[in-house]
Amino acid sequence: MIIFKTIKFKNFGSFGNNFTQITLDKNKTTLICGNNGSGKSFAFLDSITYALFGKPFRKINISQLVNSVNDKNCVVEIVFSKGPDTYTVKRGISPKIFEIYKNDVLVNQNSNSLDYQSVLEDSILKMN
């Protein structure tokens, strides 16, 4: 079973150059509230989907994920546990980043990012 611990991001959507972190394992439920259009879906659904699968949850272009004011250094990091292991996935745009850490050790990166994505989906998440 996958237990999500935290998701944090910066320069993602309307969020600025400082990391915003959502803690997901402190309580049984997590409530995200705000006015319509304030970025709740972006903060939660799009950030998790982008971190794990490299694409947004909604039908928008990848380039629309980057904060339009800063236009660079978009980073999303998700931490989750599966069994005894803790994983951190870091993904970013401008510059492009895709790193997977298992227990704080970088998982061997293949030369092809599609292969690395397959490692995440098939071997770690066991879903696609």
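Computed from a prediction, not measured in an experiment: that's the story for all the values here.

### What about the pattern of salt bridges?
- For the structure shown, the criterion picks out three salt bridges.
- The salt bridge involving Glu77 is made with Lys8; its shortest N-O contact spans 3.8 Å. Taken together, the residues span a long stretch of sequence, with Glu77 in strand β3 (residues 74-82) and Lys8 in strand β1 (residues 2-10) at a distance of 69 residues.
- For Glu77, a relative accessible area of 14% corresponds to the buried category.
- Residue Asp46 pairs with Arg58 through a salt bridge whose shortest N-O separation is 2.6 Å.

### Things to note about the pairing of β1
- The pairing of β1 with β3 spans eight bridges and is classified as antiparallel. Bridged to Lys8 within β3 is Glu77.
- In this sheet, strand β2 (residues 20-23) lies alongside β1 in antiparallel orientation, the contact comprising four bridges. Of the residues in β2, the one forming a bridge with Lys8 is Gln21.

### Some thoughts on the pairing of strand β4 (residues 85-93)
- Among the nine residues that make up β4, seven are buried, leaving the element largely enclosed by the rest of the structure.
- Sheet topology note: the β3/β4 ladder contains nine bridges and is antiparallel. Its bridge partner lying in β4, Phe80 is registered against Tyr87.
- Taken together, the six bridges between β4 and strand β5 (residues 97-102) define a ladder with antiparallel strand orientation. Note on β5: the bridge partner recorded for Tyr87 is Lys102.
- Turn length for the β4-β5 hairpin, with the two strands adjacent in sequence and antiparallel, is three residues, and the turn residue Ser94 shows positive phi of about 55°.

### Observations regarding the side chain of Ser81
- Topologically, Ser81 is positioned in strand β3.
- Those residues in contact with Ser81, other than ones at most four positions away along the chain, are Met1, Ile2, Ile3, Lys5 and Thr86.

### Points about the nonpolar core
- If you look at the biggest cluster of nonpolar residues, it comprises 28 residues, and the most contacted ones within it are Ile7, Phe9, Phe12, Ile78 and Phe80.
- Elements represented by at least two residues in this core include exactly β1, α1 (40-53), β3, β4, β5 and α2 (113-125).
- Ranked by the residues each element gives to this core, the list is headed by α1, at six residues.
- Every residue in contact with Phe9, bar those within four places of it in the chain, is listed here: Phe15, Asn18, Phe19, Thr20, Ile22, Ala43, Ser47, Val75 and Val76.

### Some thoughts on α1
- With 14 residues, α1 extends 19 Å between its outermost C-alpha atoms, agreeing within 8% with the 20 Å of an ideal straight helix rising 1.5 Å per residue.
- Taken as a whole, α1 carries its principal kink of about 35° at Asp46.
- Considered for burial, the residues of α1 that qualify are Phe42, Ala43, Asp46, Ser47, Ile48, Thr49, Tyr50, Ala51 and Leu52.
- Downstream of α1 by a residue or two, Gly54 has a phi angle that is positive, lying close to 75°.

### With respect to the sheet that holds β2
- One open sheet holds the six strands; their spatial order is β2-β1-β3-β4-β5-β6, and the pairing between them is antiparallel. Either end of the sheet is taken by a strand with one partner, and the two such strands are β2 and β6 (105-106).
- Relative to β6, β5 is paired through two bridges, and the arrangement is antiparallel. Within β6, the position partnered with Tyr101 by the bridge is Leu106.

Basis of the calculations
- Residues numbered from 1 in each chain as written.
- Predicted model: local features only at pLDDT ≥ 70, side-chain atom pairs only at ≥ 80, totals over all residues.
- Heavy atoms only, no water.
- Salt bridge = Lys/Arg side-chain N within 4 Å of Asp/Glu carboxyl O.
- Helix = DSSP H or I, 4+ residues; strand = E, 2+ residues; numbered from the N terminus.
- Buried < 20%, exposed > 50% of the residue type's maximum accessible area, 1.4 Å probe, protein only.
- Pairing = 2+ DSSP bridges.
- Contact = heavy atoms within 4.5 Å.
- Core = buried A, V, L, I, M, F, W, Y, C linked by side-chain atoms within 4.5 Å.
- Expected span 1.5 Å × (residues − 1).
- Bend = angle between axes of the 7 residues up to and from the residue.

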